[in-house]
There are 2 protein chains.
Amino acid sequence: MFQTAKQTKVFQDVVEQIQQAILDGRLKTGDILPAERELKAMFNISRGTLREALRVLEQKGLIEIKLGIGGGSVVKAVDTEQISESLGLLIRSQKVSLNHLAEFREDVEGIVAAHAAVRSTQGDIQKLKLLLDQAQTCVKQGSSQRNAFIEIDKQIHMRLADITGNPIYTSVLHSIHDNIHRYYDKFLSMENRELQENYQDLCDLIQAVENGNVDLARKIAQRHVKRFNQYMKKREREEKVPKV
Amino acid sequence: MFQTAKQTKVFQDVVEQIQQAILDGRLKTGDILPAERELKAMFNISRGTLREALRVLEQKGLIEIKLGIGGGSVVKAVDTEQISESLGLLIRSQKVSLNHLAEFREDVEGIVAAHAAVRSTQGDIQKLKLLLDQAQTCVKQGSSQRNAFIEIDKQIHMRLADITGNPIYTSVLHSIHDNIHRYYDKFLSMENRELQENYQDLCDLIQAVENGNVDLARKIAQRHVKRFNQYMKKREREEKVPKV
DNA sequence: TATTTTATAATGGTCTAACCATTATAACCA
DNA sequence: TGGTTATAATGGTTAGACCATTATAAAATA
């Protein structure tokens, strides 16, 4: 019936107050909080306690603490960095494997492609085709441009997520890419033939999106991601799995 | 070409070292770190600096700091709490709306149901049917048991996520539920008829999963979640949207 | 005058050394 | 035996000092 009464911890109260001010918009992105010695006086607490509160807010991604004169606690735009970090911890603590991440990515990219096929505008398609051109340039230069190709591939996927108009997809995809990236250097082998294959995938995918062909877009996106994953799993088997 | 050289901040180094020890298993869940006055000596730093580091680790979800004798910094099992919190911040900072969350949930629940239809064992189905029985009891008692029904509904969905065998689905669904929950009290209206409808959904869903009917399972799951969302949107329109 | 260098001062980062608050356990008393 | 009260270990907080970083202003130099 009753809940635990208020936390007596001073620093938590401070975290709460500043967080609330940021979330209500009383503090806006880019605003600079008063200097520590002023805040300490405003809250009537010691500087150590205040700093614990600021560190928590920093870790939550709500502020960024800058050094030197002109520095201070700057209010940040809330973004997906913390979600990525937490997902990263789950992976590194072996609660989540590469296979789990790969499967999830296949599903999410499929959904994203399906929504994009319904919602894309002509302008969206043009931007995607611009990226496709860049990808083609990489492919022509062969496997030396592997990393550049992967970067463009990522941009295309992120662009599709944006087209859905739902920022959760952008956030989730961002987190997945952040965390799968660490495996690329170790496990991803892509020779010219694979580059060519993947470039073709992307062409087909964007064509399907342009045509509004929902099911095809989903299917191609999933196949494309599956291909990436298979390259990695192959290498993973060959080299055994090291600690990340 | 070069990256920023090492951070000189002492507390970050401490965070790094303890985090690393936890992630590679040198510190296990339930282990208690030495007392602050010992740690301070081990790292050869001041207590204030150490405490900033511990606060960061606490916010990351890696340790829990307990008060009093027998207390201390206890290593926690990494879980999805931080992901939920970060998603919550995104929502509360109006980067993400209820509609975005609702759409994402429909998609994810669809995928989960589809995987479950392929992977469920007889034992899984039995457990699901046990939950169904409880749901039926609630429905029979009418809308007074609305909250109990919602709780069981949630358990069924979480159970399905577990059946996929991919902890990412469990984590993601957990985060969604944590964050959509705050809307229920405000927006979710469910009379007897709606309870009945939703109970039937769940029956059909579990039947489809048992039969291994992938597409049907996905479709029913999506329809079921969509229904929930529509109840909420209806109320949201009626009552206007307040700050959460 | 224009540019580089150097001092200045504001700000966060760290340290020391206390004392307060909480709580499991042990000692005590009825 | 069973409840109560001290004890001591541990985190929470305070105070005041000094160090490190850095944008800006002042000074030196070309």
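Above: the structure in question.
Residues numbered from 1 in each chain as written. Chains lettered and ligands numbered in written order. Predicted model: local features only at pLDDT ≥ 70, side-chain atom pairs only at ≥ 80, totals over all residues. Heavy atoms only, no water.

**Thoughts on the interface of chain B and chain A**
- Between chain B and chain A, the residue contacts involve 43 residues of the former and 43 residues of the latter.
- Approximately 4,100 Å² of surface area, both sides summed, lies buried where chain B meets chain A, with 62% of it carried by carbon and sulfur atoms.
- A:R51 is the partner of B:E52 in a salt bridge, and the nearest nitrogen-oxygen pair spans 2.9 Å.
- Mapped by element, the contributors of at least two residues to the side of chain B that touches chain A are α1 (10–23), α3 (47–60), α4 (81–92), α5 (98–119) and α8 (167–187) of chain B. (Contact = heavy atoms within 4.5 Å. Buried area = accessible area lost by both parts, 1.4 Å probe. Salt bridge = Lys/Arg side-chain N within 4 Å of Asp/Glu carboxyl O. Helix = DSSP H or I, 4+ residues; strand = E, 2+ residues; numbered from the N terminus.)

**Examining the relation of the copies chain B and chain A**
- If you rotate chain B by 180° and push it 0.0 Å along the axis, it lands on chain A with an RMSD of 0.1 Å. The transformation relating the two chain copies, once decomposed into turn and shift, fits a two-fold axis.
- When the interface residues of chain B are mapped onto chain A, 100% of them again lie at the interface, so the same face is used by both copies. (Least-squares fit on C-alpha atoms with pLDDT ≥ 70 in both.)

**As for the protein's contact with DNA strand D**
- With respect to spatial proximity, 23 residues lie near DNA strand D, and among them A:V10, A:L67, B:R37, B:R47 and B:R51 are the closest.
- Among the atoms of DNA strand D close to the protein, meaning within 4 Å, 63% are from sugar or phosphate groups.
- In this structure, A:S46 approaches DNA strand D through a main-chain N or O atom, which is 3.0 Å from a phosphate oxygen.
- In this structure, B:I69 approaches DNA strand D through a main-chain N or O atom, which is 3.5 Å from a base nitrogen.
- Where the surface near DNA strand D is concerned, the elements lending two or more residues are α1 (10–24) and α3 (47–59) of chain A together with α2 (36–43), α3 and β1 (63–66) of chain B. (Near = heavy atom within 4 Å. Polar contact = N/O pair within 3.5 Å; in protein donor to acceptor, adjacent residues only side chain to side chain.)

**Considerations on the packing of helix α6 (residues 122–140) of chain B against helix α7 (residues 146–163) of chain B**
Residue and element names in this part refer to chain B.
- In the contact formed by α6 and α7, the axes pass within 9 Å of each other and the chain directions differ by 170°. By the angle between their directions, the pair α6 and α7 is classed as roughly antiparallel. Here D124, K127, L128, L131, L132, Q134, A135, C138 and V139 of α6 come into contact with α7, specifically with A148, F149, I152, Q155, I156, R159, L160 and I163. (Axes fitted to C-alpha atoms, helices over the stretch in contact; angles between N-to-C directions. Parallel < 35°, antiparallel > 145°, perpendicular 65-115°, else oblique.)

**Re the packing of α7(B) against α8(B)**
Residues and elements named next belong to chain B.
- Between α7 and α8, the least distance of the axes is 9 Å, while the angle of their chain directions is 165°. Judged on the interaxial angle alone, α8 and α7 are roughly antiparallel. Seen from above, α7 lies across α8 with right-handed handedness. Between α7 and α8, the residues in contact are R146, I150, K154, H157, M158, A161 and D162 and Y169, T170, L173, H174, H177, Y184 and D185, respectively.
- By residue class, the composition of the contact of α7 with α8 is six nonpolar, four polar and four charged. (Left-handed = near helix turned anticlockwise from the far one by under 90°. Nonpolar A, V, L, I, M, F, W, Y, C, P; charged D, E, K, R; others polar.)

**Structural notes on the pairing of strand β2 (residues 72–75) of chain B**
- Pairing of β1(B) with β2(B) involves four bridges; the strand directions are antiparallel. Its bridge partner lying in β2(B), B:I65 is registered against B:S73. (Pairing = 2+ DSSP bridges.)

**Quick word on the protein's contact with DNA strand C**
- Around DNA strand C, the structure places 23 residues, and the nearest of them are A:R37, A:R47, B:V10, B:S46 and B:L67.
- For DNA strand C, a base nitrogen lies 3.0 Å from a polar atom in the side chain of A:R37.
- Between B:K9 and DNA strand C, the recorded distance is 3.5 Å, taken from a side-chain N or O atom to a phosphate oxygen.
- With three residues, α3(A) is the single largest residue contributor to the surface near DNA strand C.
- Tallied by class, residues from the surface near DNA strand C come to nine nonpolar, five polar and nine charged.

**A look at the nonpolar core**
- Judged by nonpolar contacts, the single largest core of 149 residues is most densely connected at A:F149, A:I156, A:L160, B:F149, B:I156 and B:L160.
- When neighbours within four sequence positions are excluded, A:L160 is seen to be in contact with A:V112, A:A116, A:L128, A:L205 and A:V209. (Core = buried A, V, L, I, M, F, W, Y, C linked by side-chain atoms within 4.5 Å. Buried < 20%, exposed > 50% of the residue type's maximum accessible area, 1.4 Å probe, protein only.)

**Side note on the packing of aromatic side chains**
- Applying the stated criterion across every chain yields a total of four aromatic pairs over all chains.
- Measuring from ring centre to ring centre gives 6.5 Å for B:F228 and B:Y231, while their planes differ by 45°; the resulting arrangement is tilted. You can see B:F228 and its partner B:Y231 sitting in helix α10 (residues 214–239), three residues apart, about one turn around the helix. Residue B:F228 shares its accessibility class with B:Y231, and that shared class is buried.
- Geometry around A:F228 places A:R105 over its ring, the cationic atom sitting 5.8 Å from the centre. (Phe/Tyr/Trp six-rings, centres within 6.5 Å; stacked < 30°, edge-to-face > 60°. Lys NZ or Arg CZ within 6 Å of the ring centre and 35° of its normal.)

**Quick notes on helix α7 (residues 146–163) of chain A**
All names here are of chain A.
- If you check α7, its first and last C-alpha atoms are 26 Å apart, about what 18 residues at 1.5 Å a residue would give, namely 26 Å.
- Looking at α7, one finds that the buried residues are R146, F149, I150, I152, D153, I156, H157, M158, R159, L160, A161 and I163.
- Taken from the residues just after α7, G165 is the one with a positive phi, measuring 80°. (Expected span 1.5 Å × (residues − 1).)

**Overview of the environment of A:S84**
Residues and elements named next belong to chain A.
- Inspection of the secondary structure assignment puts S84 in helix α4 (residues 81–92).
- Classification of S84 as buried rests on a relative accessible area of 7%.
- Separated by 93 residues in the primary sequence, S84 and H177 place their C-alpha atoms 9.0 Å from one another.
- Not counting residues up to four positions away in its chain, the partners in contact with S84 are H174, S175, D178 and N179.
- In terms of polar contacts, S84 uses its side chain to reach the side chain of S175, at 3.2 Å.

**Topic: unusual backbone geometry**
All names here are of chain A.
- Located in the positive-phi region is N44, a residue other than glycine, with phi close to 60°.
- Tracing the backbone through its elements, the reader meets N44 in the loop between α2 (36–43) and α3.
- The exposure class assigned to N44 is exposed, which follows from its relative accessible area of 69%.

**A short note on the pattern of salt bridges**
- Taken as a whole and assessed by the stated rule, the structure comprises 40 salt bridges over all chains.
- The salt bridge involving B:R55 is made with A:E52; its shortest N-O contact spans 2.3 Å. With B:R55 in helix α3 and A:E52 in helix α3, this residue pair bridges two chains.
- With a shortest N-O distance of 3.0 Å, B:D201 and B:R227 are connected by a salt bridge. Taken together, the residues span a long stretch of sequence, with B:D201 in helix α9 (residues 192–210) and B:R227 in helix α10 at a distance of 26 residues.
- Taking relative accessible area as the criterion, B:D201 reaches 2% and is therefore assigned buried.
- Through salt bridges with shared partners, a single ionic network connects A:E36, A:R47, A:R51, A:R55, A:E58 and B:E52.

Function-wise, these values are silent; they only describe arrangement.
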